[in-house]
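Structural characterization, general
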Amino acid sequence: MSRYAVEKTLGRGGMATVELAEDTELRRKVAVKRLFAPLAGDDVFQERFVREARMAAALSHPNLVAVYDVGEEDGLPYIVMEYVDGETLAELTARSGPMHPDEALELLLQVCAGLEHAHAAGLVHRDIKPQNLLVRRDGVVKIADFGIARTLQATQLTQTGTVLGTAAYLAPEQAAGERVTAAADIYSLGAVAYELLTGRTPYEVESLADLAQK
């Protein structure tokens, strides 16, 4: 991590901390996501994390957050990504409320383009939600956490309270623990579209079991 000079914390979630840093070699701003200690002791998780991050790094598309580097410091895995100067779709909708259909369509088509590219490469995101959709100041939408989302899924589904913010966007087959395909991402995007237009999620659920019955 000596290459990356951390400037400030951008956010904290149930699984990781995201920091703004300076890549001292390439002289550019990057976002560094550090995964929390409870995950670091799982060798299987570590292996999957590195493998999925490398797969995500192979993707190159204007609507996907680029992955630059992956590594480990003090036993904790981290991933270095493109820094997106803007806000999440969740923050945008919380501030502005329901969108005009034309505005929502412009954003959703960009997400579709990014997903199409990733799916063609064999990657399923598994956690499409407003918090993982970044809107740059110029209006470009970037899908974040490809690779990370897939690796974290099993851990998220076993930690009380962690998944409830995501549950409203999960496809029923995913909530039931069945095989997940690209169709699950499309379902999740449909839930995001519903929220953009109405200001609320399609379902109010208290557990994954409830969602699987929808």
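What counts, and where the lines are drawn
Residues numbered from 1 in each chain as written. Predicted model: local features only at pLDDT ≥ 70, side-chain atom pairs only at ≥ 80, totals over all residues. Heavy atoms only, no water. pLDDT = per-residue confidence, 0-100. Helix = DSSP H or I, 4+ residues; strand = E, 2+ residues; numbered from the N terminus. Salt bridge = Lys/Arg side-chain N within 4 Å of Asp/Glu carboxyl O. Buried < 20%, exposed > 50% of the residue type's maximum accessible area, 1.4 Å probe, protein only. Polar contact = N/O pair within 3.5 Å; in protein donor to acceptor, adjacent residues only side chain to side chain. Contact = heavy atoms within 4.5 Å. Core = buried A, V, L, I, M, F, W, Y, C linked by side-chain atoms within 4.5 Å. Pairing = 2+ DSSP bridges. Axes fitted to C-alpha atoms, helices over the stretch in contact; angles between N-to-C directions.

Moving on: the confidence of the model for the chain. When pLDDT is averaged across the chain, the result is 84; 83% of the residues are at 70 or more. Considering each helix and strand of the chain separately, the mean pLDDT is smallest for helix α5 (residues 148–156), with a value of 49, and largest for strand β8 (residues 141–143), with 97.

As a further point, take the pattern of salt bridges. This model, assessed by the stated rule, comprises 12 salt bridges. With a closest N to O distance of 2.9 Å, Asp-23 and Arg-3 form a salt bridge. Here Asp-23 is found in strand β2 (residues 16–23), whereas its partner Arg-3 is found in the segment before β1 (4–12), with 20 residues between them in sequence. On the basis of relative accessibility, which here comes to 26%, the residue Arg-3 falls in the partly exposed class. When the shortest N-O distance is used, the salt bridge between Arg-3 and Glu-25 registers 3.8 Å. Within this pair, whereas Arg-3 is found in the segment before β1, its partner Glu-25 is found in the loop between β2 and β3 (28–35), the two being separated by 22 residues in sequence. Exposure remark for Glu-25: the relative accessible area of 57% places this residue in the exposed category. Put simply, Arg-3, Asp-23 and Glu-25 are held in one network by salt bridges that share partners.

With that settled, consider the side chain of Glu-82. Structurally, Glu-82 is set in strand β5 (residues 76–82). Residue classification places Glu-82 among the buried positions, given a relative accessible area of 15%. Among the polar contacts listed, one links the side chain of Glu-82 to the side chain of Lys-142, at a separation of 3.0 Å. Once you skip the residues sitting within four places of it in the chain, Glu-82 turns out to touch Ala-31, Leu-64, Val-65, Ala-66, Tyr-68 and Lys-142.

Before going further, it helps to examine the nonpolar core. Leu-89, Ile-143, Phe-146 and Val-192 are the most contacted members of the largest nonpolar core, which has 39 residues in total. Looking at this core element by element, the count peaks at six residues for helix α4 (residues 101–120). Contacts of Phe-146, omitting those with residues within four sequence positions, involve Ala-56, Leu-59, Leu-64, Leu-115, Ala-118, Leu-123, Val-124 and His-125. Membership of the second largest hydrophobic core comes to seven residues, among which are Met-1, Val-30, Val-32 and Val-80.

Moving on, we come to the pairing of strand β4 (residues 67–73). Bridge count between β4 and β5: six bridges; the pairing is antiparallel. Bridged to Gly-71 within β5 is Tyr-78. Linking β4 to β5, which pair antiparallel, is a turn of two residues; within it Asp-74 sits at a positive phi near 55°.

This paragraph deals with the sheet that holds β8. Read from one edge of the open sheet, three strands run β6-β7-β8, paired in antiparallel fashion. In this open sheet, the two edge strands, each paired with only one partner strand, are β6 (86–88) and β8. Neighbour-to-neighbour, the strand axes of this sheet turn through a mean angle of 25°, independent of strand direction. Inspection of the sheet shows β6 paired to strand β7 (residues 133–136) by three bridges, in the antiparallel sense. In the sheet register, Glu-87 faces β7, and the bridge partner there is Val-135.

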